[in-house]
Amino acid sequence: MGGSVARRYARALFGIGVDAGKFEALGAELGSLATLWNESDELRQALENPVFRPAEKRAVLEKILPQVAPTPEVQRFVLLLLERRRIVLLPAIARAYRDLTDAQLGQVRAEVTSAQELAPGTLDRVRRSLEQRTGKKVIVNAKVDADLIGGLVARVGDLVLDGSVRTQLEDLRTRLVN
Amino acid sequence: MKRLRLFAQLATMAGALALPALAFAQEGEPAAAGEAHEAAGEGHGEGHGEHGAEHAAPSFDGKRMAWQLLNFGALIFLLVKFGGPAVSKALSARHQQIKTDLVSAAEARTAAQARFEQQEKRLASLEHEIAAIAASIKQEAEAEKARLIALSEERAKRIREESEFIIEQQIKQAEEDLRREVAAAAVALAEKIVRSQLGPADQQRMIDSFVGDVATPNGTRTNGTPHSGSASPAGRGAPRSEI
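Residues numbered from 1 in each chain as written. Chains lettered and ligands numbered in written order. Predicted model: local features only at pLDDT ≥ 70, side-chain atom pairs only at ≥ 80, totals over all residues. Heavy atoms only, no water.

*Asks:* Outline the overall build of chain B, supporting the account with residue identities and numerical values.
*Replies:* Within chain B, the regular secondary structure consists of four helices and one strand. Its helices and strands taken in sequence order, chain B reads α-α-α-α-β from the N to the C terminus. Buried positions account for 13% of the 243 residues belonging to chain B. Taking all contacts inside chain B whose residues are at least 6 apart in sequence as the whole, residues at least 24 apart take part in 60%. Summed over its atoms, the accessible surface of chain B is roughly 19,100 Å², and 62% of this surface lies on carbon and sulfur atoms. (Helix = DSSP H or I, 4+ residues; strand = E, 2+ residues; numbered from the N terminus. Buried < 20%, exposed > 50% of the residue type's maximum accessible area, 1.4 Å probe, protein only. Contact = heavy atoms within 4.5 Å. Areas by Shrake-Rupley, 256 points an atom, 1.4 Å probe, with all protein chains shown as cover.)

This is how it looks when you write it as structure tokens:
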């Protein structure tokens, strides 16, 4: 339900951004706002708490927005979310907007998890191999998980490419059991 | 009217009964005169006492006898005339009653005789009935015994089959548990060895292998099917894809 509403809001803003030819800039500002929302408990408290009056919440946003999102379209959009009590959907809207932007640019995002931190050159090789596999531009988000023991796991949308030792040990255990 | 007739009958009867009394009263007067004459005779002379005794001897009085007969006849007539029908009627009723009673008694006797004969027959066949009942009970008992034995055998068979099934399942479960434990121990040991022996060069080899396999779709596995790569720690860079 929340995801569907978030996608509708994201599509609306994305349409404005495409028409204005600055959908990437709008997306970046929306992403910054979502990051701020996720990282700042005070901001969330101030905008979610019903104790504060709408005018006070609006004043808070009006003070923050010029610094984080200078584009008027994003500012009006965020104030609209506050007015319609949808401000809690900001992170979901930012994700949906990012997906729309990726689709518009023909790019995908990949989450690459390795047992040890990968060197930039290695990560670049992984990115290129994923681009070759998907045929799209890949934006890599690297993570480290020592439980993998060795190797790495790449997630591109619904596709999971698993080359970790942990998974191979699990496969070995399954084969032994069966 | 009925009362009047009854009154007339009573009057007639009273009259008839009074006739002899009147006759007897008329007879009494000469007798009394005779007695007075006899008393005077005694006073006349005792010498004539034997002669007086000859006069006191019993004598037959025909008139008196006639009146008594007439009186008796009237009585008989009245009795026959008025009492006869009632007596006859009573006797007839009694006769009929006795006749009816006799018929009833005969019927009762016949019924009693029939019941008696029936009981006799039943008594005669009682032993046969008892024997038949005993045989029937025995037959039923045998059938029940057979049924119970069959039921018990069936139940025992079912219990045995269930027990065998449970034992078989428990054996399978134990085998599976053992396999699982052995596999877990083997994997734990393998993990320990891999962790201790896996070096940066091995990591790099695995990444290289991953990169090479990702670039070529045929080099990956899909839908979780096992990859044909080496199982050695150095060769564990083979990626797989799961959708």
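*Asks:* Quick rundown of unusual backbone geometry? Include the residues and the values.
*Replies:* Trans is the prevailing form of peptide bonds, just as negative phi is the prevailing case for residues other than glycine. All names here are of chain A. One non-glycine residue with positive phi stands out, namely R85, at about 60°. Examined against the element boundaries, R85 turns out to sit in the loop between α5 (72-83) and α6 (90-105). Not every positive phi belongs to a glycine, and I149 is a case in point at roughly 70°. Considering the arrangement of structural elements, one finds I149 in the loop between β2 (137-144) and β3 (152-156).

*Asks:* Describe in detail the pattern of salt bridges, supporting the description with residues and values.
*Replies:* Residue and element names in this part refer to chain A. With the rule as written, the count across this model stands at 18 salt bridges over all chains. Two residues, E56 and R53, come together in a salt bridge whose shortest N-O distance is 3.4 Å. R58 is the partner of E62 in a salt bridge, and the nearest nitrogen-oxygen pair spans 3.1 Å. Here E62 pairs with R58, and both are found in helix α4 (residues 54-68), just four residues apart, close to one helical turn. Residues joined in a network through salt bridges with shared partners are D124, R127, R128 and E131. (Salt bridge = Lys/Arg side-chain N within 4 Å of Asp/Glu carboxyl O.)

*Asks:* Describe in detail the packing of aromatic side chains, supporting the description with residues and values.
*Replies:* Residue and element names in this part refer to chain A. Scanning the model with the defined rule gives three aromatic pairs over all chains in all. Where Y9 meets F77, the ring centres are 6.2 Å apart and the plane angle is 70°; that geometry is what we call edge-to-face. Of the two residues, Y9 sits in helix α1 (residues 2-20) while F77 sits in helix α5, which places them 68 residues apart along the sequence. F77 carries the same exposure label as Y9, and that label is buried. Ring pairs connect the aromatic residues F14, F23 and Y97, which therefore count as one cluster. (Phe/Tyr/Trp six-rings, centres within 6.5 Å; stacked < 30°, edge-to-face > 60°.)

*Asks:* Quick rundown of the environment of V156(A)? Include the residues and the values.
*Replies:* Residue and element names in this part refer to chain A. Positionally, V156 belongs in strand β3. The spatial distance from the C-alpha of V156 to the C-alpha of R109 is 6.1 Å, given a sequence separation of 47 residues. Those residues in contact with V156 that sit more than four places away from it in its chain are V108, R109, A110, L130 and T134.

*Asks:* Summarise the packing of α4(A) against α5(A); cite the residues concerned and give the values.
*Replies:* Between two packed helices, both the angle of their axes relative to each other and the distance between the axes serve to describe the pair. Residues and elements named next belong to chain A. Remark: α4 packs on α5, axes separated minimally by 10 Å, with the N-to-C direction vectors making an angle of 160°. Considering the angle they form, α4 stands roughly antiparallel to α5. Relative to α5, the crossing made by α4 is right-handed. Contacts from P54, K57, R58, L61, E62, L65 and P66 in α4 reach Q75, V78, L79 and L82 in α5. Taken together, the residues of the contact of α4 with α5 sort by class into seven nonpolar, one polar and three charged. (Axes fitted to C-alpha atoms, helices over the stretch in contact; angles between N-to-C directions. Parallel < 35°, antiparallel > 145°, perpendicular 65-115°, else oblique. Left-handed = near helix turned anticlockwise from the far one by under 90°. Nonpolar A, V, L, I, M, F, W, Y, C, P; charged D, E, K, R; others polar.)

*Asks:* Lay out the nonpolar core with the relevant residues and their values.
*Replies:* Counting 30 residues, the largest nonpolar core has L30(A), L61(A), I93(A) and Y97(A) as its most contacted members. Among the secondary structure elements, those contributing two or more residues to this core are α1, α2 (23-39), α3 (41-48), α4, α5 and α6 of chain A. Setting aside anything within four residues of it in sequence, one finds I93(A) in contact with A6(A), Y9(A), A10(A), L30(A), F77(A) and L81(A). Residues A110(A), V126(A), L159(A) and I207(B) belong to the second largest nonpolar core, which totals 16 residues. (Core = buried A, V, L, I, M, F, W, Y, C linked by side-chain atoms within 4.5 Å.)

*Asks:* Run through the interface of chain B and chain A, naming residues and quoting values.
*Replies:* On the side of chain A, 34 residues touch chain B, which itself brings 34 residues to the contact. Together, the buried faces of chain B and chain A total about 2,900 Å²; carbon and sulfur atoms form 61% of this surface. At the boundary of chain B with chain A, the tally comes to two salt bridges. A salt bridge links D208(B) to R125(A); its shortest N-O distance comes to 2.7 Å. Linking chain B with chain A are six residue pairs in polar contact (both at pLDDT 80 or more), by the criterion used here. Those elements that place two or more of their residues in the side of chain B that touches chain A are α3 (62-197), α4 (200-215) and β1 (241-242) of chain B. (Buried area = accessible area lost by both parts, 1.4 Å probe. Polar contact = N/O pair within 3.5 Å; in protein donor to acceptor, adjacent residues only side chain to side chain.)

*Asks:* Quick one: what's the story with a positive patch on the surface, residue by residue and with numbers?
*Replies:* A contiguous patch of positive charge on the surface is contributed by R7(A), R8(A), R11(A) and R86(A). Within the secondary structure, R86(A) sits in the loop between α5 and α6. (Patch = residues over 30% accessible without salt bridge, like charges linked within 9 Å, V, L, I, M, F, W, Y side chains within 5 Å. Lys, Arg positive; Asp, Glu negative; His and termini not counted. Charge placed at Lys NZ, Arg CZ, Asp CG, Glu CD.)

*Asks:* How would you sum up α5(A)? Please name residues and give values.
*Replies:* Residues and elements named next belong to chain A. Over its 12 residues, α5 runs 16 Å from end to end, which matches the ideal 16 Å to within 8%, given 1.5 Å per residue. Turning to α5, its buried residues number three or more, namely E73, V74, F77, V78, L79, L81 and L82. Phi for R85, located one or two positions after α5, is positive at around 60°. (Expected span 1.5 Å × (residues − 1).)

*Asks:* How would you explain a nonpolar patch on the surface if you had to name every residue and give the values?
*Replies:* A cluster of nonpolar side chains, contributed by F72(B), L75(B), I76(B), L79(B) and V80(B), occupies part of the molecular surface with about 460 Å² of accessible area. By relative accessible area, V80(B) is classed as exposed at 57%.

*Asks:* Can you break down α3(A) residue by residue, with the values?
*Replies:* Those residues of α3(A) not exposed but buried are L43(A), A46(A) and L47(A). Viewed along the axis of α3(A), the buried residues span an arc of 90°, placing them on a single side of the element. (Arc of directions from axis to C-beta.)

*Asks:* I'd like a description of the packing of α2(A) against α3(A), backed by residues and values.
*Replies:* Residues and elements named next belong to chain A. As a packed pair, α2 and α3 sit with axes 5 Å apart at the nearest point and diverge in direction by 95°. With respect to their mutual orientation, α2 and α3 come out roughly perpendicular. Residue-level inspection shows L36, W37, N38 and E39 of α2 in contact with α3, the latter providing D41, L43, R44, L47 and E48.

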